[in-house]
Amino acid sequence: MELLFSFVFVLLISFSMFFSGKVFGPRKDNASKKEPFECGVEPLQKEVPKNYSVHYFKIAILFLIFDIELAFLIPWALAFRKNPFLFFVVMVIFQAFVLLALFYAWKKGDLKWGI
Amino acid sequence: MEWVIAVAVKVIVIFTWALLTVLYITLLERKESAVIQDRIGANRASILGLRLNGFFQPYADALKMFFKEDYTPPFVDKPFYYLAPLVSIVFALIPVGAVPVADSIGLFGRKFPLSVIGSNVGVVLILSLLSLAVYGVIFGGYGSRNKYGVLGGMRGTAQAISYEVAIGLSLVGVLMVFPSLDLNEIVHLQNRYILGGWVPLWGIFLQPLAAVLFLIAGMAENKRVPFDIPEGESEIIGYFLEYSGMKFGMFFVADFVEILLLAALFTTFFLGGYNLPWLFTEGFHFPWGGSLAMSPIIVRIVQFVTFNIKLWIMIWFLLLVRWTYPRYRFDQLMDLGWKSLVPLSIFNILITAAVMVVIR
């Protein structure tokens, strides 16, 4: 219920901000406003390129690996006091595999941003 | 029914407090930059000739923003373009509600937490909402259909998701020391004392490395100056390049709400939250033997004031960092994230685990 209320309240605030500019603001149009903003220079190419660097995709994959690892780690951290030694050994083995993956990506050059 | 009204009042009061704090963060930022650059800073806004050294400036700024033209360029991708500012402000504000500003009180025979979302999975809630805030960046960049906007959105997304890993992994160390997902419970566990009752058991003393990692990663997640490659005011402006009027204002407010959120989370996890040293629910118990009884309401008020003082110290520190350091390069930024912060936070988890095994 609290989550619902706060969503309602925050959405109210953000929508009022969203529409306030349309309600209160002036409306003046001119031709240069219709162009993409590039510091007043004529745009060199009209189309935005559709393809992007594959590096970003690799970073996203790494993020997925580590976020799933985080989902394993949080319950592990909470239950750690039940049997510290066993949990510690398990975590060393698990982290060794995960760090292996990170170092593999590192050595393959996935973390290197070329110039 | 009374319960529903109480919850509604709580939601309105706490979010109003958060938004007022955000307004004054903008003023503090202008004043602090002015001091650093040897200026006086904003002090012109007045009510009835009363200036109070810029006290009314944030309201004037907000009003001015309301009366600016809100122009939608014809080439944008409309759904994404409209969704982006909404997403960024909503998912920046909601996690602020999960932070407890004072200890919970009893109301109508039930426990009434003094945070908007007194959830028992607060940490997971905050982490998940923070991940959703990335969509504001990528929608804004992609929806603008501007080359620099797309570039800023890409960089912003890569940066945000890289540093989110470090934030989450550094919090795991804290969760091991204070085994609870409830933020109020974590703050409670920090109200214990060691060394004969002189040193409070705050997160920063138990997890110093995690505190540093959390602070750095949080600042990077915030996308402000040492890490402001996605925005880069002098280069590519960033993912909100095509926004004007109050839609840009929403990105701006979301930015400052994230400062508030980072300061509040750091206070909660590492600086003992609302705890004043030696203040318990029934009053002070000093280590030198004295004690001072106080009524529960007074204790809550003292806790709220303490929380605000710690919060402003953290905000002051964050703004100081923003006005002191130059910008990183993008490859240095990603190196810092993946090659130092992530291995260090995993190292921190293993060290914490080893120490806990030895102590046990």
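None of these values were measured; they are calculated from a predicted model.

Asks: For this particular structure, what's the right way to read the overall build of chain B?
Replies: When its secondary structure is counted, chain B shows twelve helices and seven strands. On C-alpha atoms alone, chain B measures out to a radius of gyration of 22 Å, which is about the 21 Å that the 2.2 N^0.38 rule sets for 360 residues. Seen through its C-alpha atoms, chain B measures out along the principal axes to roughly 70 × 55 × 50 Å. Relative to its 360 residues, chain B shows a buried fraction of 61%. Total accessible area on chain B stands at roughly 14300 Å², and carbon and sulfur atoms take up 70% of it. Counting 25 positive and 23 negative side-chain charges, chain B places the averaged centre of each group 2 Å from the other.

Asks: Any chance you could explain the overall build of chain A here in plain terms?
Replies: Assigned secondary structure in chain A consists of three helices and zero strands. Listing every helix and strand of chain A by position from the N terminus yields α-α-α. Dimensions of chain A, computed from the C-alpha atoms along their principal axes, are close to 70 × 50 × 20 Å. Buried positions account for 35% of the 115 residues belonging to chain A. For chain A, long-range pairs separated by at least 24 residues make up 53% of all intrachain contacts whose partners lie at least 6 apart in sequence. In the form shown here, chain A has an accessible surface area of approximately 7800 Å², with 73% of it arising from carbon and sulfur atoms.

Asks: I would appreciate a short explanation of the nonpolar core in the present structure.
Replies: Generally speaking, nonpolar side chains in soluble globular proteins are found buried as a group. Counting residues in hydrophobic clusters, the biggest one holds 128 residues, and the most contacted among them are Phe66 and Trp76 of chain A together with Val123, Leu169, Phe269 and Trp338 of chain B. No other element matches the 16 residues that helix α10 (residues 245-270) of chain B contributes to this core. In terms of nonpolar packing, the next biggest core, distinct from the first, is built from nine residues, Tyr81, Ala84, Tyr243 and Phe251 of chain B among them.

Thresholds, definitions, all that
Residue positions are given per chain, counted from 1 along the sequence in the order it is written. Ligands are numbered from 1 and chains lettered from A, in the order in which they are written. The model is predicted, so local features are restricted to residues of pLDDT at least 70 and side-chain atom pairs to those at 80 or more, both for listing and for counting; the totals for chains, interfaces and linings are taken over all residues. Note that the side-chain values use all heavy atoms of the structure and ignore hydrogens as well as water. Segments assigned H or I by DSSP are reported as helices when at least four residues long, segments assigned E as strands when at least two residues long, and all are numbered from the N terminus. As defined in this context, the radius of gyration uses C-alpha atoms, and a globule is described by 2.2 Å times the residue total to the power 0.38. The classification of residues rests on relative accessible area computed with a 1.4 Å probe and restricted to protein chains. Under 20% of the type maximum is buried, over 50% is exposed, and intermediate values are partly exposed. Note on areas: these come from Shrake-Rupley sampling with a 1.4 Å probe, and a residue is covered only by the protein chains present in the view. When charges are counted, Lys and Arg are positive and Asp and Glu negative, with His and the chain ends excluded. Note that the charge is assigned to NZ on lysines, CZ on arginines, CG on aspartates and CD on glutamates. Here, two residues are considered to be in contact whenever any of their heavy atoms come within 4.5 Å of each other. Within this scheme, the nonpolar core is defined by two criteria: the residues are buried Ala, Val, Leu, Ile, Met, Phe, Trp, Tyr or Cys, and they are joined through side-chain atoms within 4.5 Å.

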